[in-house]
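# Architecture at a glance
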Amino acid sequence: MKKPRHVPKNESSEEDFKVSVYENAGHTNSSLPGLTKFFISLDSGDEIEIEQSLNIFSSELSLTEEQILVSQPLDKALTLLLECLNLKSSQVQVLSMTCINLILDTLPELSETIVKYRGIHKICKKISSSGIIELGEQSVRALEKISYEFPLETLEAQVVECLLTVIDYFEMEIQKKMLNILSNAIKALETLEIAERHVLPHIPLILGLIKNPGANEFCVKKTLEFLTIFVENLIIILPHRGDTFKPYCKALVEYGVIRVLLDIFPKHAELVLQLLYSLCERSSIAVKNFFMVGGFDVIKDSVLNNSLKDGGAFEGVLNLMDSLVPRMPPSEPWNKEKVEFYKVHPEYMQAFCELILPRTTAIYENFLSKEDKAIMISILEKVLKIANIELIGHHLTCQSFSTFLSELMISKNIFTVRAALRISLTLYTKIPQKISVNFSREGVISRISALKEPDRLKEFKKLPNKKFAGNLEDLLLKVNITKNPYQIESMLNSMKTKLKPATLEDNKKELIAYSKKILDKHKQFENKKAPRIGKEIKMISQKLANCFGDSALEILKKIITLLNSAEKLSFYEISNSSIADSLWKWLADSPTEKLLIRLTEFLKLFTRDSVHNETFLSLLVKYLIGTANFVQHFRIFLHDKKILNAKRSNKIKIIMEYCGNAGSDKGLRDDSLRTRHMLFSTHNKLQFTTYQLISLDKIKELLLRISNETDLYMLVHQKCITETTVHTFLDKPYAHDLTVVVYNGNKECQRGTTILNLAYKKSLLQLRWKFIRRVGADLPFIFLKSPQEIIENIVQESVNIGLDPKDKSYTYFRMVKFLYMVSEYLPDLNYLLNLPGNNPLPLSTFTSTKLSALLSRQLQDVISTEGNTPAQWIKQLPHKCKFLFTPASRLEFMNCFGFSTKSKADKKHKCLVSRDKILEDAMIILQDTGQCIETMLEIEYQNEVGTGLGPTVEFFALVSNEIKKLKIWRNMCEFSGLFPSPISESDENWEGYFEFIGKFIAKALIDGRYIDFQLSPALWKLVFCQSLTVIDLKLIDKHMGRHFIDLLNNPKLVNNAELTFTLPGYYSIELKNAGSSILVTSENTQEFINLASELSLNANLQAKALRKGLETILSIDSLSVLFSSEIEEALCGEQSSDWDLNTLKQAILPSHGYTQNSKTFINLLVAMSKFDGGQKKCFLEFVTGFPRLPLGGFEKLQPKISVVKKDCDWDVDKNLPSVMTCQNYLKIPDYSSYEVLESNLLYAIQEGRQAFHLS
């Protein structure tokens, strides 16, 4: 920030000033004719001549270059222009001010001349009293420029009063400039005299700008900035002894500042909260007024309802809460008054306790930065010290709070542990009997005892950096002020008075002292029975670990007894018992024949219902997830805007050496590959610069468009490769059958890799690369025939959870994944192991809200997503254990990393298609996958009017219908999703069609469009290389699946079925040699079912082609974090929704001729409420272009459907409804009756839904 400039005052009289500026004016030399003429005209005193010269001079200033103007006597001209403001002619005044503005536009440093000759006062006078709007506007423009250079002089010229008294008379553009002037000026506040004389009396006028209901957003923001800077600067310049801020805060409160701020909340939340914090931090008067006018409701709503989506605003709430509670012990006068206030008004401390104590962990986990977490702990500490015993005892949930403290105790931040110890000591002082049991059971006492051990103390390696401690630059940025000398001196003096900070060893001694006090207190109030449950579960765990037989029934029953107890297990007791390891060893780490027996015994017990209204299996899963979160703190990386800007602007030089080998690549017989190989073999080294956050995939796509010397020349002469560069080459031919492989050293760079991943702390990046043929990945087909194969697959998959086995949470999440997979396979295991018909646990049982919240916060960090540098666990855990995360967080993950190459520019790819060959056109369009990634598809139909959203949405629906007609699908899959038919029964171009379908699905996802077909979950399993069982037959043919299960349960049913070893539904396909002549009997039923199921489900080649198409546009790994049902919801939108009258009244908007009470509008809603499924689809396709609603129903439809009155030149009842699909506009004539409306509407939606002739 620029240091404000100070100019010595010119003490000469006004008459002296006139003489000095006029003297020899006509003899001043200038190469500008207009300026010379202006000087001469002043000698004559003729205002008409002056006006004419000013007209010429202003034109010269507009057209003359800066280097010429610098050499002109413009400082002299400015003094004369200022004097011209005293002349009678209004036009001369306006022209003079115009010239002043033109000079300052080019040479802002000449503001010094205006200040020196008291020009600011003259300009302010013209703003406030000239009565000439144009002159006032020009004066404001000039003053804005001066205020940037000389804010203090601007403030001293009584600019606050001057501008506020006339601001309402000017248009919005000028009002914004006035507010800019005020914001600039107030940054230079440096004396109490200026604050008292020139600012404080005008606070009511300032508040008026906010209170105005029609106030512009910009005006409110600038006014809040002004008030915030004023208060913060005022606090800085006040004497540091005593409560010197009190009278000023009292005046602000009496003016109604706090009430006004609360009235405009939550708009401009961050600024409002910052100002409230500044007031309440230093004044008990502000705190009292805040509570009295209902301010605590703002905090309560923000915490309970998460009403503030912006993280910065929520942190503002945290700071405000901190300012409301006094520091303990109170040393400053205002903090002592705050303590007295809470004594007189205990209901407000009760409000704090009600809000914070029961939900401490949830609030704490909302914050990720160490500073914010430290503030939250500080608030807790202060509240617990101030609150009385009854309040704490009533609102503190001892078990969960003890768990929270136990987690803090293992922190490596010495300040966090010290605060946790102080809180513990406070609780032992106030509610010792109530807290001692939970402190024992949750491991608090154990972890406090460990602080005496040298190994634990060694973990505190350094003192954490305190926010703003000793860092003047950060402090200045925090308060957002100009660095004028007075303020710098004031802050330095303040910082000198701070006590010398304690050393690391001092802090360690303090920890030991606190620990001793707490342990002494604990001995006084220790409950000897407290460790009972912990010892019991540890003993059970040891017995289970040493159980080598097939049965552990009695041990498992003891676990169930503990789970059924009203006294909940603690996460510390579970972690200390190693029960997760013991369960894994007994259930999973044994020979397969034992595993089946053990799993059967386990499921018979744990699928029963507990007294807690859920199964024991569900309880066990929740305990394991909670313990995993308890033992390990999952870190995420957050970067501030400074680092983001640096990463976005940091360039790196790249050398890419072509390494294609002509001798070993058989694909060189292909023309496309051979041409490019020859080109880059000749020019084998590419050198260019690019930015760190650009994806390597962008550069790969760019290389696929270079096929000749001209294009290559264009590429190498680009100054820097950016997204714009990629767009520049989009019209070049695209090698859709090739892909680019890049190597960093000997390691192949995977999809999604960014330059930041490769070039961390490097200035030069050297890579090798080559072209290869684009081929799909080979997919294994895993069909599990028996319970042994299923359990072996579960164990094998459960080991891989995406975490290092050394991680503390590994054993718990490994067990959770095992139980999740067992739950998913329950339908298979029920009949294979003769178990009762147990249903899989709800997915929500396995969800960790803590991990989901951390994932969502990580995805908000731009560097982590754009640079592909999130925390390591985030790269793997959502893939391997997606059940741990909420659907919303996983969808967000896919959008961030699945579409990492998606262009951020809103670039359109306009295509003309024919309705008669819509599928062929679509296949051609999607060949250029580079265009698909970089642009949004926009469709126009041949011989039809209309382009944009409506036709594009319809295009996806029309192509969907054509895909469903292709001869590549099974006959019996309409209701369970599309699944491939055997290749021998499919169209000969089946491979091309499936690859296209993959691209079509990916394009729909990347553009946010919906399609009108569903794929079978069994097909998605094949795409993601997941195992299949006979139960999955129901997903492709529910009749065959049900029949096969009946046969498995009762093989004798086959005797009268006259089945042969041929594929059901495709009897020309034999399951074995001469299968058509081999009858299925009760003896070979199992063989028949295995062969028929395996062949029916084995569509691996089709899945491979589908996956190949998907991978050309998006990352298949990122898509795999969604379940198949979620993919279908994202692709197909709402499957069913209510169309009752109440829903339709909320969803459909009457407009332009219709109201909610219009007869025709009501008749339309009644007709819509009677639609069947097919008519709903037709209506939606007619109005929006797509036959389904988006996910979330009518509420998520954008724009909403609007019904407008259609004007008709002839018989109204013979006119049909029409639409504008781009805006979801339905135009309805004002029909004479309900019957006419219903008849015409049904006809229009049937006949006009697939054309734009009724637009």
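A quick note: this is a predicted structure, and the numbers were derived from the prediction, not measured. (Residues numbered from 1 in each chain as written. Predicted model: local features only at pLDDT ≥ 70, side-chain atom pairs only at ≥ 80, totals over all residues. Heavy atoms only, no water.)

### Here we look at the overall build of the protein
- Along its length, the protein carries 68 helices and 14 strands.
- Along the three orthogonal principal directions, the C-alpha set of the protein runs to about 125 × 90 × 80 Å.
- Expressed as a percentage of the 1255 residues in the protein, the buried residues total 55%.
- Sequence-distant contacts, at least 24 apart, represent 75% of the contacts inside the protein between residues at least 6 apart.
- If you sum the accessible surface of the protein, you get close to 55700 Å²; carbon and sulfur atoms cover 50% of it.
- Here the protein carries 152 positive and 148 negative side-chain charges, and the mean point of each set is 7 Å from the other. (Helix = DSSP H or I, 4+ residues; strand = E, 2+ residues; numbered from the N terminus. Buried < 20%, exposed > 50% of the residue type's maximum accessible area, 1.4 Å probe, protein only. Contact = heavy atoms within 4.5 Å. Areas by Shrake-Rupley, 256 points an atom, 1.4 Å probe, with all protein chains shown as cover. Lys, Arg positive; Asp, Glu negative; His and termini not counted. Charge placed at Lys NZ, Arg CZ, Asp CG, Glu CD.)

### So, the environment of Ile540
- Looking at the element boundaries, Ile540 is found in helix α35 (residues 532-545).
- The buried category is assigned to Ile540, whose relative accessible area is 4%.
- Residues Ile540 and Val257, spaced 283 residues apart in sequence, show a C-alpha to C-alpha distance of 63 Å.
- The contact partners of Ile540, leaving out residues within four places of it in the chain, are Ile555, Lys558, Ile559 and Leu562.

### Digging into the domain arrangement of the protein
- Looking at the assigned domains, one finds that the protein contains domain 1 (533-631), domain 2 (641-682 + 689-773), domain 3 (908-1019 + 1101-1129), domain 4 (1034-1097) and domain 5 (1135-1254).
- A C-alpha centroid distance of 28 Å is found between domain 3 and domain 5. (Domains from an automatic or database assignment.)

### Thoughts on the sheet that holds strand β6 (residues 908-913)
- Read from one edge to the other, the open sheet built from three strands follows the order β6-β7-β8, with strand pairing classed as mixed. Two strands bound the open sheet, and with one partner strand each, they are β6 and β8 (947-948).
- Two strands pair when backbone bridges link them, and strand β7 (residues 936-941) and β8 are joined in this way by two bridges, in the antiparallel orientation. Looking across to β8, one finds that Glu940 is bridged to Thr947.
- Each of β6 and β7 is contacted by helix α54 (residues 918-925), which is oriented at about 150 degrees to β6, the strand it contacts most. (Pairing = 2+ DSSP bridges. Axes fitted to C-alpha atoms, helices over the stretch in contact; angles between N-to-C directions.)

### Quick word on the pattern of salt bridges
- Scanning all chains against the criterion turns up 47 salt bridges.
- Lys343 is the salt-bridge partner of Glu340, the closest N and O atoms lying 3.7 Å from each other. Of this pair, Glu340 and Lys343 both sit in helix α22 (residues 333-344), separated by three residues, roughly a single helical turn.
- Lys343 sits in the exposed class, given a relative accessible area of 59%.
- A salt bridge links Glu723 to Lys698, with the nearest nitrogen and oxygen atoms 3.4 Å apart. Remark: Lys698 occurs in helix α43 (residues 696-703) and Glu723 occurs in helix α45 (residues 723-728); sequence separation between them is 25 residues.
- The exposure class assigned to Lys698 is buried, which follows from its relative accessible area of 5%.
- One connected set of salt bridges, linked through shared partners, spans Arg441, Arg532, Glu536, Glu567 and Glu573. (Salt bridge = Lys/Arg side-chain N within 4 Å of Asp/Glu carboxyl O.)

### Some details on the packing of helix α57 (residues 990-1007) against helix α62 (residues 1100-1111)
- At a minimum axis distance of 6 Å, the contact between α57 and α62 shows a crossing angle of 40 degrees. Comparing their axes, α62 and α57 come out oblique. Once α57 is placed against α62, the crossing between them reads as right-handed. Contacts between α57 and α62 involve Trp990, Glu991, Phe994, Glu995, Ile997, Gly998, Lys999, Ile1001 and Ala1002 from the former and Leu1101, Gln1102, Ala1105, Leu1106, Lys1108, Gly1109 and Leu1110 from the latter.
- Of the residues belonging to the contact of α57 with α62, the class tally is nine nonpolar, three polar and four charged. (Parallel < 35°, antiparallel > 145°, perpendicular 65-115°, else oblique. Left-handed = near helix turned anticlockwise from the far one by under 90°. Nonpolar A, V, L, I, M, F, W, Y, C, P; charged D, E, K, R; others polar.)

### Considering the sheet that holds strand β12 (residues 1202-1205)
- What the four strands build is an open sheet, ordered β11-β12-β14-β13; its pairing is mixed. Strand pairing shows two members of the sheet lacking a second neighbour, β11 (1149-1151) and β13 (1218-1220), which therefore form its edges. Sheet twist, expressed as the mean angle between neighbouring strand axes with direction ignored, is 25 degrees.
- Here three bridges tie β11 to β12, and the two strands are oriented parallel to one another.

### As for helix α6 (residues 90-106)
- Given a rise of 1.5 Å per residue, 17 residues ought to cover 24 Å, and the 25 Å separating the end C-alpha atoms of α6 matches this to within 8%.
- A large share of α6 lies buried, amounting to 13 of its 17 residues. (Expected span 1.5 Å × (residues − 1).)

### So, unusual backbone geometry
- In this model, Phe265 is joined to Pro266 through a cis peptide bond whose omega is 10 degrees.
- By the element assignment, Pro266 lies in the loop between α17 (257-264) and α18 (269-281).
- Following Met328, the chain continues into Pro329 via a peptide bond in cis, with omega recorded as -5 degrees.
- Turning to its location among the elements, Pro329 is positioned in the loop between α21 (311-324) and α22.

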